[in-house]
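Close look at the chain arrangement
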Amino acid sequence: MVMAKNFLINALGIQDSGGITVLNKVLNECSTNISNTYLIICYDNKNINILIDKYSDIPHFKFKIIVAHGFLYRLYYENI
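What this report covers is the structure whose coordinates are included nearby. Since the model is a prediction, treat every value here as computed from it, not as a measurement.

The rules we used
- Residues numbered from 1 in each chain as written.
- Predicted model: local features only at pLDDT ≥ 70, side-chain atom pairs only at ≥ 80, totals over all residues.
- Heavy atoms only, no water.
- Buried < 20%, exposed > 50% of the residue type's maximum accessible area, 1.4 Å probe, protein only.
- Helix = DSSP H or I, 4+ residues; strand = E, 2+ residues; numbered from the N terminus.
- Arc of directions from axis to C-beta.
- Contact = heavy atoms within 4.5 Å.
- Phe/Tyr/Trp six-rings, centres within 6.5 Å; stacked < 30°, edge-to-face > 60°.
- Disulfide = S-S within 2.5 Å.
- Pairing = 2+ DSSP bridges.
- Axes fitted to C-alpha atoms, helices over the stretch in contact; angles between N-to-C directions.
- Polar contact = N/O pair within 3.5 Å; in protein donor to acceptor, adjacent residues only side chain to side chain.

For the rest of this paragraph, the subject is helix H2 (residues 46-54). In an α-helix, one turn spans 3.6 residues; hence positions three or four apart end up facing the same way. Ile 48, Leu 51 and Ile 52 are the residues of H2 that are buried. Buried residues in H2, looked at end-on, bunch into an arc of 100°, giving them a common side. Opposite the packed face of H2, turned more than 90 degrees from it, sit the exposed residues Lys 46 and Asp 53. In this structure, the buried side of H2 is in contact with helix H1 (17-31), strand S2 (37-43) and strand S3 (61-66).

The next subject is the packing of aromatic side chains. Tallied over the full model, the rule gives four aromatic pairs. Centroid distance Phe 61 to Phe 63: 6.2 Å. Interplanar angle 90°. Geometry classified as edge-to-face. Relative accessible area serves as the criterion here: at 6%, Phe 61 is assigned to the buried category. Grouping aromatic residues by their ring pairs yields a cluster made of Phe 7, Tyr 38, Tyr 55, Phe 61 and Phe 63.

Looking now at the state of the cysteines. Scanning the model with the defined rule gives zero disulfides in all. Cysteine Cys 30 is unpaired, with the sulfur of Cys 42 as its nearest cysteine sulfur at 14 Å. A relative accessible area of 13% places Cys 30 in the buried class. Residue class for Cys 42 comes out buried when judged on its relative accessible area of 1%.

Turning to the sheet that holds strand S1 (residues 6-10), a few remarks are in order. Read across the open sheet, the three strands follow the order S1-S2-S3; overall the sheet is parallel. In the strand order of this sheet, the two ends are held by S1 and S3, each with one partner. For this sheet, the mean inter-axis angle between neighbouring strands, taken without regard to orientation, is 20°.

Here we come to the side chain of His 60. Tracing the backbone shows His 60 in the loop between H2 and S3. Of the polar contacts made by the side chain of His 60, one reaches the backbone oxygen of Cys 30; its length is 3.3 Å. Here the side chain of His 60 touches Asn 33 through a polar contact of 3.5 Å, landing on its backbone oxygen. Not counting residues within four places of it along the chain, the set of residues in contact with His 60 comprises Cys 30, Ser 31, Asn 33, Ile 34, Asn 36, Thr 37 and Tyr 38.

Distances and angles like these do not, on their own, reveal function.
What follows is the structure, encoded as structure tokens:
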């Protein structure tokens, strides 16, 4: 019996093409593992929104978009 697991993917701070490419590869690999749930925390920007649209039909992906871009918000989400 396989137990479902929850995973947090911290995508805060990913904005440029290199980070987006890596995140896309990770999400692509995770999309095939339907036994787990993935919470992806990210800032609201154009490149992230493209990935969100691409993976919006994956039911075990939950995107949490953070609008505020302050250091304290990032510190909060990365540590709490």
